[in-house]
Amino acid sequence: GCGKTTTAINLAACLAECGKSVLLIDLDPQAHSSLGFGIDPETLQRSLSDVLNEDPEKALKLEDVLVPISPRLDVAPSQVLLSAFEQRWSGAEGREGILYRRMQSVVAFYDFILIDCPPNIGLLTFNAFRVAEEVLIPMEPSFFSLHGLEKLIETVSLVEETFSKKI
């Protein structure tokens, strides 16, 4: 409720309007970024959940689930099935880098890749941080939001240390 999805949708649309090629990855099982672009998650035949499938034989390529919104803007849509990601990958080696590995085939085609994260610090968010070069954190000015920000910064630091990268 602090504006993560609204920021992601509007930033993606503005960058595309400015002539940049943009991919918006809806990494939130609530699929609000998908809905915001008129994509009904209930009717999708394939989504990001299929890309992040734990069975390499069944996993789709990221480019196979993209929905073009405009000539310069694509969305990798989400569905509620993505909420099972943590359970499906529990204990698996390299689970924090699944998104990183699965998006390598499309990285060169976009000027910007934006990721709309779920509203918690779990394995999906950790995967997003693993990919990220920058993090934008919309928040409301309240005590609990500041406390949450502190935990988010700790998580970013953990990712930086683990993967020897600077976000």
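Cut-offs applied
Residues numbered from 1 in each chain as written. Predicted model: local features only at pLDDT ≥ 70, side-chain atom pairs only at ≥ 80, totals over all residues. Heavy atoms only, no water. Buried < 20%, exposed > 50% of the residue type's maximum accessible area, 1.4 Å probe, protein only. Helix = DSSP H or I, 4+ residues; strand = E, 2+ residues; numbered from the N terminus. Pairing = 2+ DSSP bridges. Polar contact = N/O pair within 3.5 Å; in protein donor to acceptor, adjacent residues only side chain to side chain. Phe/Tyr/Trp six-rings, centres within 6.5 Å; stacked < 30°, edge-to-face > 60°. Lys NZ or Arg CZ within 6 Å of the ring centre and 35° of its normal. Axes fitted to C-alpha atoms, helices over the stretch in contact; angles between N-to-C directions. Parallel < 35°, antiparallel > 145°, perpendicular 65-115°, else oblique. Left-handed = near helix turned anticlockwise from the far one by under 90°. Contact = heavy atoms within 4.5 Å. Nonpolar A, V, L, I, M, F, W, Y, C, P; charged D, E, K, R; others polar. Salt bridge = Lys/Arg side-chain N within 4 Å of Asp/Glu carboxyl O.

Caption draft 1: Examining the pairing of strand S1 (residues 22–26) more closely. Summarising burial for S1: five of the five residues are buried, a large majority. Neither face of S1 is open: one carries Val-22, Leu-24 and Asp-26, the other Leu-23 and Ile-25, and all of them are buried. Sheet topology places S1 next to strand S4 (residues 112–116); five bridges connect them, and they run parallel. Of the residues in S4, the one forming a bridge with Asp-26 is Asp-116.

Caption draft 2: Broad picture of the environment of Arg-102. With respect to the helices and strands, the residue Arg-102 is situated in helix H5 (residues 98–102). Note: C-alpha distance between Arg-102 and Leu-62 (40 residues apart in sequence) is 6.6 Å. Here Asn-53 takes part through its backbone oxygen, which lies 3.1 Å from a polar atom of the side chain of Arg-102.

Caption draft 3: Main features of the side chain of Thr-5. Relative to the elements of secondary structure, Thr-5 occurs in helix H1 (residues 4–17). Judged by its relative accessible area of 16%, Thr-5 is buried.

Caption draft 4: Local environment of the packing of aromatic side chains. Following the criterion strictly, the structure yields two aromatic pairs and no others. On the basis of an interplanar angle of 45° and a centroid distance of 6.2 Å, the ring pair of Phe-85 and Trp-89 is categorised as tilted. Of this pair, Phe-85 and Trp-89 both sit in helix H4 (residues 85–89), separated by four residues, roughly a single helical turn. In terms of burial, Phe-85 and Trp-89 fall into one category: buried. For the cation-ring pair, Arg-130 lies above Tyr-100, with the distance from its terminal atom to the ring centre recorded as 4.0 Å. Lying over the aromatic face of Phe-163, Arg-130 brings its terminal NZ or CZ to 4.2 Å of the ring centre.

Caption draft 5: Examining the packing of helix H6 (residues 123–131) against helix H7 (residues 143–163) more closely. Between H6 and H7, the least distance of the axes is 10 Å, while the angle of their chain directions is 55°. With respect to each other, H6 and H7 are oriented oblique. Crossing hand, H6 versus H7: right-handed. Contact with H6, carried on its side by Phe-126, Phe-129 and Arg-130, involves Leu-152, Thr-155, Val-156, Leu-158, Val-159 and Phe-163 of H7 and no other residues of that element. Tallied by class, the residues present in the contact of H6 with H7 amount to seven nonpolar, one polar and one charged.

Caption draft 6: Main features of the pattern of salt bridges. Tallying each qualifying case throughout the model produces three salt bridges. Lys-151 is paired through a salt bridge with Glu-154; the nearest N and O atoms lie 3.8 Å apart. A residue pair is termed a helical-turn pair when its members lie 3 or 4 positions apart in one helix, as Lys-151 and Glu-154 do in helix H7 at three residues. In this structure Lys-151 comes out as partly exposed when scored by relative accessible area, which is 34%. In this structure Glu-154 comes out as partly exposed when scored by relative accessible area, which is 42%. Here Lys-166 makes a salt bridge to Glu-160, at a shortest N to O gap of 3.7 Å.

Caption draft 7: Local environment of the sheet that holds S4. Strand order in the open sheet made by the four strands is S2-S3-S1-S4, with mixed pairing throughout. Only two strands of the sheet have a single neighbouring strand rather than two, namely strand S2 (67–70) and S4. Here the strands of the sheet are splayed against their neighbours by 25° on average, with no regard to which way each runs. H1 contacts S1, S2, strand S3 (73–76) and S4 of the sheet and is inclined by roughly 165° relative to S4.

Purely geometric numbers; function is a separate question.
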